Amino acid sequence: MCDKKSSYDPASLPDFLPMYYKRFFPYGAYFKWLNYGGVPKNYFSHREFSFTLKDDVYLRYQSFSDKQELEKEIQKRCPYKIDIGAVFSHRPRDQKAVKAADFRAMEKELVFDIDMTDYDDVRFCCSGADICSKCWPLMTIAIKVIHRSLCDDFGFEHILWVYSGRRGVHCWVCDEVARKMSQTARSAVAEYLSVVKGGENQAKKVNLYTGNIHPSITAALDIIGGKSFKSYAIEKQDFAGTDEQIQKILSFVPDENFRDGIMNVYEKNHPKTSYTFWNVFKEYIKEKADFTHKKLSNLPDELMLQYCYPRLDVNVSKGVNHLLKSPFCVHPKTGRVCVPIDHEKAEEFDPFTVPTISQLCDELATNDDSDNSSKRRVKDYRQTSLGRYMHVFDNFLKKLEKTWHGKIVEENGKDKQF
Amino acid sequence: MDFTPKTGKSAPTISSRRCEEYPHVLQFYKKPPSEDVTLHEFEDLAVQRVKVLKAVDSVGIRNIKGSKEYDEAMEKEIKKLRDVDWFVEKTSIKPADLSARRRKDHLSHFILRLAYCKSDELRRWFIQQELDLFRYRFLRENSASILDFLEKNGLDYQPIPHEDRGKMRDKLKDASFKMTSPDVLQREYYKVPFMEVLELVRGRKVYLEGGYAYVPQDELVVIVLASFREHLSHALAITSRAVPAMEEDGRLLKLLKNIHSLYLGNDYSTAKKANSAVTADMINGLSKQSFPPCMQNLHRGLKEEHHLKHWGRLQYGLFLKGIGLSLEEALRFWKSEFTKAADMDGEKFDRQHSYNIRYNYGKEGKRADYTPFSCIKIITTNAPGVGHYHGCPFRHSDADLIEQKMNKMSFPKDKQTKVMEYIKGSHYQLACREYFKAAHKTEEEIDLMHPNQYYEESQRLINGASAGETDNKTQTEPRGVKIIKVKSTNPNFDDSITGENMDELELASMETD
């Protein structure tokens, strides 16, 4: 197993894709999702898809009238990447024939993109496109924090989390209210969920100020503050293990006396570990920041948020017609499938056990050998390691289906009256 | 049909009818006017309202909205605007005059909708000023008047039962910044779908539960404003689609084009031909000499990383275009920097980035000639995140970094203090002005609205007057503050970035995961 996983070679992608799109890509469930029961008329046929082909050839404004056409076209083109865009006022493939002013993006799921590269200043194991088991917990925290807020605060119910195939996760909020949101509304929600702010010229990127702390932040701190921070920052990242790291933390402390004070106490401490530093830091602030330096009393919370709070790419969420990589794509570089993630078991999700395209094709070949009856071929991908992820998607769909069943009955009732 | 005398004074019969038409000092401007207006009055009303909105804008730039200083500054402006102060009503005004004043409010608003619906940039400006004006006027009213207004406009919200309020007391308290538990119990709360109070949601200033926001009575204005904003931006979108048909009347077309062009100042969409000899090799030198701090940051970021992220490329690239860097030179400049990075060679650059640069210059895609970002846009939109160098340093950098920089450039102490004070008071453009004055050792007061203006002013001071006055289009300084008279210029509408263009631009540069 292990060998197979690491054996993916990006050059072999074109050899595997035809097989993947023929036997693995779940067209049925996929169409069921994006068609939303056919309740909003033309929802599927007005949806933009875009394909990235070999050599970065990029095809925008693809659209398909039904599942068969989608399936045929995907199998014909074998795209390296599929993006999902907005539902437009006209069929996207007619884009050139329609007056530019009339061709408008009407609706799209509310989406969030969380990418590990945005955490480069607070993870010390890897950087850029690389991830490892030491930094992945950041994504677990992100899923939990964002999911809680979307459900509890905003009342959304149909939320799909998807592994981006390499170094991050995507979130698709599919409630009707969410799909109809304007750009202003999308950016407002994204801002509400953004706590870490500031560019390369700001060291301290979280400010709670001295007032009350908003319930949604308190809830996030409950998620981060307990086990997560200890296990992630202290144990996995050893976030205060070097002088440089300690200097970085101290740079958030705006008061010189405090900086010196913390260091003085820490110098006397043995052993010098991230754990002891964190304790010194917390205790010192708790003791001294009570009265005259009220502003500093939030520092430990602010620090935890800066190191762990989810970092969203607001621009991806904002635009109604911003494209986002589709679930069940294969990441060309890693070969891994963009599989749904069960948010309730976010901790258990391990990006390194997500099946690669070559692994899946191998598994299928083995299955085919042992069972030759062609009747079962339609769903045979469920027999492979993709199956358990399909299960997550099925559960999401089952819940989503309920929203349109009521409406279909209603519509039918109307028809019969006449 | 209804004919209005040229003087604007109305006959008594009409006036009494208007009383019903304008039952309240505040309006949501839902019904367009249906009377005939002379061209002269049309133009006159337009200029009046622009004057008012311009005043609202300048007060807003200099003061924090809702602060005491803001209200005082508004008072002052109103006194200055006494010929056109129909937007405030004092008890001294005779009831008979009220409807004539409200009519002006009504008509002038609709006239400006026509003038300001054309592009995103114009719409954004217009909506912002109208909202600020509305907020100011709304907050002047007493609660009886407000309730009356809400009822007349179908906005009668019901407060939540006190029992529920008591149960949620702690959460409601925490969601507000400064309130205590007793504070919570002293006010009414309104439960509304979160979509109706997006501004409160955005700033995390309200308690959310299950998709509903619990809004304290003091923030009621936010709900009303949100409703006003939604209504207005929707109306502007519709108007913009209808305007082409109306423009067949050449008289109006000319008028409308002139109205907004004057008051937004130069948009720096096209580099001036006479001094457009900026080449890629000159940028390094010019950046030290004349670039505003925001662009110096981007330049430094580019030099250090040999890369800039999307918004950085956009902010810097369009600025460079604005100072006269030609497309060929721009390609040369970006390529020479980007290819210094280990993972970028010439071919890869051509494939991944040259399209976007050509796009900025209107050579690809929609072929729109994009305008450089103004200060307002840089300050208020797309705040920088990790790995970003764009944004406004006075708004988005640590204050001590600015201080360090000023020390390094040995600015006089008093200037430094002034810059820091402005930053503390959130007056970023004023901070930049002080910075400019110190950097150029001048005492000239310039209202900085645009990074490209900073550059041009700087070049003017360094090279003498010759650089800035090459063609009369640029004679907009002091920018837009006192210009009232309508004169003929030739703005180019198509230059502005519309929502759709912008999205395409973003997509064109999507980075792959």
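In this text the structure is predicted, and so the values were computed from the model without any measurement. (Residues numbered from 1 in each chain as written. Chains lettered and ligands numbered in written order. Predicted model: local features only at pLDDT ≥ 70, side-chain atom pairs only at ≥ 80, totals over all residues. Heavy atoms only, no water.)

Asks: An account of the UniProt feature "binding site: [4Fe-4S] cluster" (unreviewed entry) in chain B is needed here, citing residue identities and associated values.
Replies: Residue and element names in this part refer to chain B. UniProt marks Cys294, Cys375, Cys392 and Cys432 with the feature "binding site: [4Fe-4S] cluster" (unreviewed entry), using the numbering shown here. A maximum C-alpha distance of 10.0 Å is found for the annotated residues, which run over 139 residues; spatially they form one tight group. Within the fold, cysteine 294 resides in helix α14 (residues 293-305). Not counting residues within four places of it along the chain, the set of residues in contact with cysteine 294 comprises Gln315, Gly391, Cys392, Pro393 and Pro451. Checked against the element boundaries, cysteine 432 lands in helix α23 (residues 428-439). (UniProt positions renumbered as here; feature names shortened; annotations may be inferred. Helix = DSSP H or I, 4+ residues; strand = E, 2+ residues; numbered from the N terminus. Contact = heavy atoms within 4.5 Å.)

Asks: Quick rundown of the packing of aromatic side chains? Include the residues and the values.
Replies: With the rule as written, the count across this model stands at 62 aromatic pairs over all chains. Look at tryptophan 136 of chain A and tyrosine 163 of chain A: their rings are 5.6 Å apart centre to centre, the planes differ by 80°, and that puts the pair in the edge-to-face class. A residue pair is termed long-range when its members are at least 10 positions apart, and tryptophan 136 of chain A in the loop between β5 (110-115) and α5 (137-153) and tyrosine 163 of chain A in strand β6 (residues 159-163) qualify at 27 residues. Here tryptophan 136 of chain A and tyrosine 163 of chain A have matching classes, each one buried. Between tyrosine 355 of chain B and tyrosine 359 of chain B, the ring centres sit 5.7 Å apart and the planes meet at 50°, which makes this aromatic pair tilted. (Phe/Tyr/Trp six-rings, centres within 6.5 Å; stacked < 30°, edge-to-face > 60°. Buried < 20%, exposed > 50% of the residue type's maximum accessible area, 1.4 Å probe, protein only.)

Asks: Got a sec to walk through the state of the cysteines? Specific residues and values, please.
Replies: Two cysteines whose sulfur atoms are joined by a covalent bond form what is called a disulfide. Residues and elements named next belong to chain B. Following the criterion strictly, the structure yields 0 disulfides over all chains and no others. Free of any disulfide, cysteine 294 has its nearest neighbouring cysteine sulfur in cysteine 392, separated by 6.4 Å. The buried category is assigned to cysteine 294, whose relative accessible area is 9%. (Disulfide = S-S within 2.5 Å.)

Asks: Can you lay out the sheet that holds strand β3 (residues 212-216) of chain B for me, pointing to particular residues and giving the numbers?
Replies: Residues and elements named next belong to chain B. Read from one edge of the open sheet, 3 strands run β1-β3-β2, paired in antiparallel fashion. Of all strands in the sheet, those bounded by a partner on one side alone are β1 (189-193) and β2 (207-209). For this sheet, the mean angle separating the axes of adjacent strands, direction not counted, is 30°. When β2 meets β3, the two strands line up antiparallel, connected through 3 bridges. Bridged to leucine 208 within β3 is alanine 213. (Pairing = 2+ DSSP bridges. Axes fitted to C-alpha atoms, helices over the stretch in contact; angles between N-to-C directions.)

Asks: How would you summarise the pattern of salt bridges if you had to cite specific residues and measurements?
Replies: Considering all chains together, one arrives at 46 salt bridges over all chains under this definition. Measuring nitrogen to oxygen at the nearest pair gives 3.4 Å for the salt bridge that ties glutamate 191 of chain A to lysine 197 of chain A. When its relative accessible area of 23% is taken as the criterion, glutamate 191 of chain A is described as partly exposed. Put simply, Arg49, Asp105, Glu130 and Arg137 of chain B are held in one network by salt bridges that share partners. (Salt bridge = Lys/Arg side-chain N within 4 Å of Asp/Glu carboxyl O.)

Asks: Just give me the short version of the sheet that holds β5 of chain A, but keep the residues and values in it.
Replies: All names here are of chain A. Pairing within the open sheet is antiparallel, and its 4 strands lie in the order β5-β7-β6-β9. The open sheet is flanked by β5 and β9 (340-341), the only strands paired with a single partner. Strand direction decides the pairing type here: β6 and strand β7 (residues 168-173), joined by 5 bridges, are antiparallel. Residue valine 162 lies in a different strand from β7, and its bridge partner there is histidine 170.

Asks: Which residues make up the environment of cysteine 174 of chain A, and what values go with them?
Replies: Residue and element names in this part refer to chain A. Inspection of the secondary structure puts cysteine 174 in the loop between β7 and α6 (176-179). On a C-alpha basis, the gap between cysteine 174 and tryptophan 33 in space is 9.2 Å, while along the polypeptide they are 141 residues apart. Look past the residues within four positions of cysteine 174 in its chain and what remains in contact with it is Trp33, Tyr36, Glu109, His158, Arg179, Phe396 and Leu400.

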